[in-house]
Structure formats: C-alpha cells, structure tokens
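Residue-level structure breakdown
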Amino acid sequence: MARMKRKLIRGLLCGAVAAVALSGCANLPQWKDLVSFRTEKAFQPANEFALTPSQETVGQVQIVIAREEDTLPALARRYDLGFDEIVGANPDVDIWIPGEGTRIVLPTRYILPDTPHEGVVINVAARRLFYFPADNSEVVITYPVGIGRDEWATPLGTAKITEKVTDPTWYPPPSIRREHREKGDPLPGIVPPGPDNPLGRHALILSLDGYLLHGTNKPAGVGMQVSHGCIRLYPEDIAAVFPGMPIGTPVRIVDQPVLAGWDGTDLYLQAYLPPDKSETRVTEQVRQAVSAALKRRDIEAESFRVDWDRAGQAHDPRRGIPVALTRGGPD
C-alpha cells in the first residue's frame, strides 16, 4: 500500500489526474482503501455500457484527483458529465477552484429510467439521455443534456425523430425574440449556420412541434436548466450519435427524480432531488420507486428487507450517487 501512495504522489507531482473506479457505494473510501489507479491518458469518459435484458444499473462511481488548473465544469465535460451532476456529487468542493489534490467524485453510475428501453429516453430530473440502439440491444449509450428552464419546461411525453439536419439554420420563434428584445439583446429573424448559432452543428428534429435535440455553441449549459425547452448536448456527443440515429427513432421524455434499480440481487436507489424538497415528499417518491422495482421482480414488499435509513441518505449529502438499499436480499 505504501508503494501505491508513492505512485499517487509521483502522479500529482507530474500533473497527472489519477482515477479509480468504485463499486457505487455512497460511503467513499479513504486512500488506504483504494486498490487501483489509472492516469488520465488511459481513462476515457464512460458513456457506452454493455447491457443485458434484465439489467437496470450501468457504470461505476469514480474519483479523479484535481490538478491546479481544473474546474468542476471542465472536469464535467472531460468525463461527459453535466454541470448539475458533478456539482451535486461534490457539494463541498469549490466549483471554480477545487484545488490541486482534491478528490472529485464522478457520478458515472446510473440507474436506468423505469420506462421501455428503446430508442431515446431522456430523464429531465437527471439531466441525462439514454440511447438504446435498435440494431444493438446489448448496449446503452448515455449523455448529459441541458433542458428547459422552469418557465420554458421541456415537455414530457413520447415523440419520434422526424428529421436530421447538419449545420442547421435557426429561426427564433416570436416568443424568444420578444424575450431577448425585452432584455436589450434583440435577435435577428434568421440565424445562419456558424459559431453564433445556438443549435450547434447538428440537430435532430422531434415530432413535438418546435422541439429538437441539438448541439450548442454554449456547452457550459449542458447538464443545467437553461434552454427554451429544447434538449442540448455537448457538440462532441451529438456528433457521435447523429450519424447512426435513424429517422423514426422513438423518444420518451420522463421526469423521474427518484430511481430504484437492480444490480443482480441488490437493489439500489438514486435520487436527483434539490435539497429543499420536503422529507414527506422524498419518502413518498422513494417508496414508490422501491415498490415499482419490487414489482418488476414479482417480489412481495413484506419479504424484502430494505434499509430505509440508507434510503434517506440517497440524496444527502451527495445527490445522484446510487445507494444500496438491501441487507442480505430476500428472507
């Protein structure tokens, strides 16, 4: 173990970022408990996972060691996370100056939304898109997304992709032009392709009138509630998924702030709740999610031992980190 610590110190002195994959437990270990390190060069963003028909969780929670020049938004983009995700997982870390040597939690373990796993599934509560390719049922691809502000909420429901456009032209609707005009920032009637186009270089048009999945010229907003209802992806993410996503792909937009999912015989809970949610409301949503997960396995609630104390910790202090709820499984 002393040898491992020396290796870590050398990595920090060389300016490297070290990373370790964890089991997904919310109780993060001390350095003496870590078993492996990987340098940034060998460590890639986790956005594609193998998938079996009954699988409900993918990925692993990870840790990176911040360098002096790092910020949480820069680390989020480097590891394909959204702003709210990385900030929620690191509530005690300064967003702009984490500090060299600070351990940064990467919340890269996900419970899949409780909805049919086909086409595109977007969970607005998690600010995350899951893509289940029709030609490969053994993988799921996931990306962070930006969604609509409260007054421009992204609509929930089902849709499909009706058109794919490269280098789109944006025609701002009257409502958006009026908003910008009132703020002293008037918009033209037509925004041609280019660096000033908020749609970026790729757009997937939805059957929901006026709504798109698209890139952006302001990637800092990915993972936040910042849009006028459309769904934003990092430019590199939509560029990767755009060529292979066919017209007609189904799109489901759901709002599931509390997720319960199985990993083998273990049941996990993942919460994306703001800290001001009432305890009563949180308890209700947790119980609903757990009940649905037990029903998917045809398990009677009375025969399954759930650690409700841990359930209450799923969103405090770290939001978005899956927590194991079971103690030994069924009686």
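Keep in mind it's a predicted model, so treat the numbers as computed, not measured.

Thresholds, definitions, all that
- Here the residue numbers are simple positions, counted from 1 along each chain's written sequence.
- Owing to the predicted nature of the model, reporting of local features is limited to residues with pLDDT of at least 70; listing and counting of side-chain atom pairs is limited to 80 or more, with chain, interface and lining totals taken over all residues.
- Only hydrogens and water are set aside when side-chain values are computed; all heavy atoms of the structure are taken into account.
- What is meant by a nonpolar core is a set of buried Ala, Val, Leu, Ile, Met, Phe, Trp, Tyr and Cys residues, joined one to another through side-chain atoms within 4.5 Å.
- Residue burial is assigned from relative accessible area. The probe radius is 1.4 Å, only protein chains are included, and a residue is buried under 20% of its type maximum, exposed over 50%, and partly exposed in between.
- Each helix corresponds to a stretch of at least 4 residues labelled H or I by DSSP, and each strand to a stretch of at least 2 residues labelled E; elements are numbered beginning at the N terminus.
- Any pair of residues with heavy atoms lying within 4.5 Å of one another is described as a contacting pair.
- The term polar contact refers here to a pair of N or O atoms within 3.5 Å; inside protein, the definition further demands a hydrogen-donor-capable atom paired with an acceptor-capable atom, and it admits residues adjacent in sequence only when both atoms are side-chain atoms.
- Criterion for a salt bridge: a side-chain nitrogen of Lys or Arg within 4 Å of a carboxyl oxygen of Asp or Glu.
- Two strands form a pair only when DSSP identifies at least two bridges running between them.
- The rule is short: rings of Phe, Tyr and Trp, with Trp giving its six-membered ring, pair when the centres are within 6.5 Å, and they are stacked under 30 degrees, edge-to-face over 60, tilted in between.
- Every residue is assigned a pLDDT by the predictor, reflecting its confidence on a scale from 0 to 100.

Details of the nonpolar core
Counting 29 residues, the largest nonpolar core has Ile86 and Ile104 as its most contacted members. Mapped onto this core, the elements with two or more residues apiece are helix H2 (72-78), strand E6 (103-106), strand E7 (109-111) and strand E9 (128-132). Counting residues per element, this core draws most heavily on H2, which supplies three residues. In this structure Ile104 touches Gln62, Ile63, Val64, Ala66, Leu72, Leu75, Ile86, Asn90, Val93 and Pro98, once residues within four positions along its chain are discounted. Leu129, Ile161, Leu206 and Phe242 belong to the second largest nonpolar core, which has 22 residues in total.

Notes on the side chain of Glu56
Residue placement: Glu56 occurs in the loop between strand E3 (48-50) and strand E4 (57-59). A polar contact of 2.8 Å, which involves the side chain of Glu56, links it to the backbone nitrogen of Trp262. Setting aside anything within four residues of it in sequence, one finds Glu56 in contact with Tyr110, Ile111, Leu112, Ala260, Gly261, Trp262 and Arg296.

Quick notes on the pattern of salt bridges
A complete count under the given rule lists 13 salt bridges for this structure. For Glu236, the salt bridge goes to Arg77, with nearest N and O atoms at 2.8 Å. With Glu236 in helix H5 (residues 235-241) and Arg77 in helix H2, the pair connects residues that are 159 residues apart, well separated along the chain. Note that Glu151 and Arg149 form a salt bridge whose closest N and O atoms lie 2.9 Å from each other. Given the relative accessible area of 56%, Glu151 is considered exposed.

Section: the sheet that holds strand E16 (residues 231-232)
One open sheet holds the nine strands; their spatial order is E3-E10-E9-E8-E17-E12-E13-E14-E16, and the pairing between them is mixed. Taken across any chain shown, the strands that pair with only one partner, and hence form the sheet edges, are E3 and E16. Sheet topology places E3 next to strand E10 (residues 139-144); three bridges connect them, and they run antiparallel. Within E10, the position partnered with Glu48 by the bridge is Ile141.

What to know about the packing of aromatic side chains
All told, the structure shown has two aromatic pairs when counted by the stated rule. Ring geometry for Phe49 against Tyr110: centres 6.3 Å apart, planes inclined by 65°, an arrangement best described as edge-to-face. Here Tyr110 lies in strand E7 and Phe49 lies in strand E3, a separation of 61 residues in the sequence. Accessibility classification places Phe49 together with Tyr110 in one group, the buried group. Plain terms: the ring middles of Tyr110 and Phe130 are 6.2 Å apart, the flat faces sit at 75° to each other, and that makes the pair edge-to-face.

Concerning unusual backbone geometry
The phi dihedral of Asp167 is positive, around 50°, even though this residue is not glycine. By the secondary structure assignment, Asp167 is in the loop between strand E12 (157-166) and helix H4 (174-182). Residue Asp298 is not a glycine yet carries a positive backbone phi of 55°. Along the chain, Asp298 turns up in the loop between helix H6 (279-296) and strand E20 (304-306). For Asp298, a relative accessible area of 72% translates into the label exposed.

What about the confidence of the model for the protein chain?
Summing up the model confidence of the protein chain, the mean pLDDT is 82 and the portion of residues at 70 or higher is 81%. Predicted confidence is poor over residues 1-44, with pLDDT under 50, and the contacts of this stretch with residues over four places away or in other chains come to 85 contacts.

What about the pairing of E12?
Pairing geometry for E12 and strand E17 (residues 250-254), over four bridges, is antiparallel. Looking across to E17, one finds that Gly157 is bridged to Ile253. Two strands pair when backbone bridges link them, and E12 and strand E13 (residues 202-206) are joined in this way by five bridges, in the antiparallel orientation. When the bridges of E13 are listed, Thr166 appears paired with His202.

A closer look at the sheet that holds strand E18 (residues 258-263)
A sheet is described by the order of its strands in space; here three strands give the open sequence E18-E19-E21, paired in antiparallel fashion. The strands lining the two open edges of the sheet, one partner per strand, are E18 and strand E21 (323-324). Both strand E19 (residues 266-271) and E21 contribute to a ladder of two bridges, which runs antiparallel. In the strand pairing of E21, Tyr268 is matched with Ala324.

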